[in-house]
Amino acid sequence: DVIHCHGWFASLVPIYVKKSYKDNPLFTDSKVVISLYDEEFTEDFHPDFPKKIKYDGITVKDLAYFKKPNYVSLMKMAVDHSDGIILGDKNINKEVKGYAEKSGKPVLAYQEMERYIDAFSGFYDKVLEEVPVASR
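Residues numbered from 1 in each chain as written. Predicted model: local features only at pLDDT ≥ 70, side-chain atom pairs only at ≥ 80, totals over all residues. Heavy atoms only, no water.

K.L.:
What is the right way to look at the pattern of salt bridges in this model?
P.N.:
One side chain can pair with another of opposite charge once the charged atoms of both are near each other. For the coordinates displayed, the defined rule picks out 5 salt bridges. Across the salt bridge formed by Lys18 and Asp83, the nearest N and O atoms sit 2.7 Å from each other. Note that Lys18 is positioned in helix α1 (residues 13–20) and Asp83 in the loop between α3 (71–80) and β3 (84–87), a separation of 65 residues in sequence. Assessed through its relative accessible area of 15%, Asp83 is described here as buried. (Salt bridge = Lys/Arg side-chain N within 4 Å of Asp/Glu carboxyl O. Helix = DSSP H or I, 4+ residues; strand = E, 2+ residues; numbered from the N terminus. Buried < 20%, exposed > 50% of the residue type's maximum accessible area, 1.4 Å probe, protein only.)

K.L.:
Any chance you could explain the sheet that holds strand β4 (residues 107–108) here in plain terms?
P.N.:
Backbone hydrogen bonds hold the strands of a sheet together, and the pairing may be parallel or antiparallel. Ordered by their spatial adjacency, 4 strands build an open sheet running β1-β2-β3-β4, and the pairing between neighbours is parallel. On the outer flanks of this sheet lie β1 (2–6) and β4, each paired with one strand and no other. Of the strand pairs in this sheet, β3 and β4 are connected by 2 bridges, and their pairing is parallel. Across the sheet, residue Ile86 finds its bridge partner in β4, namely Leu108. (Pairing = 2+ DSSP bridges.)

K.L.:
Can you help me understand the nonpolar core in this one?
P.N.:
General note: in soluble globular proteins, nonpolar side chains tend to be found buried as a group. Grouped together as the largest cluster of nonpolar side chains are 26 residues, with contacts concentrated most on Ile34, Leu36, Phe66 and Ile85. Looking at this core element by element, the count peaks at 7 residues for α3. With residues up to four places along the chain from it excluded, the contact list for Ile85 reads Ile34, Leu36, Val79, Ala100, Ser103, Lys105, Pro106, Val107, Leu108 and Phe123. Within the second largest apolar cluster, 7 residues are counted, among which are Val33, Leu108, Ala119 and Phe123. (Core = buried A, V, L, I, M, F, W, Y, C linked by side-chain atoms within 4.5 Å. Contact = heavy atoms within 4.5 Å.)

In structure tokens:
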């Protein structure tokens, strides 16, 4: 199964699937893909944000991204807990895009409207076949 998360609003799903629900039979073999978009916001989250998202299986170390809780740190966490990344817009925050491209995970470049369905399908196949980085 592929769980495809779109943008910052779904960016907590990867860590919950990979950490909190990793032993749940529904998610054990699931792969997570995050799509990144041109949706950056500049306001910081409340300083208590890391405490509010902590859940079973998520450690203080997992939340180290949030020395400055903002859009960039949230998306970096999503990238790190995803199995694949799709660049869903031509213009994406440069720091987040660079982080994704250096992650060592499969990254699908931006696809025009007439190509994206076939491109996504092929990308899902690649992610499903990919051996997890920790297992290499």
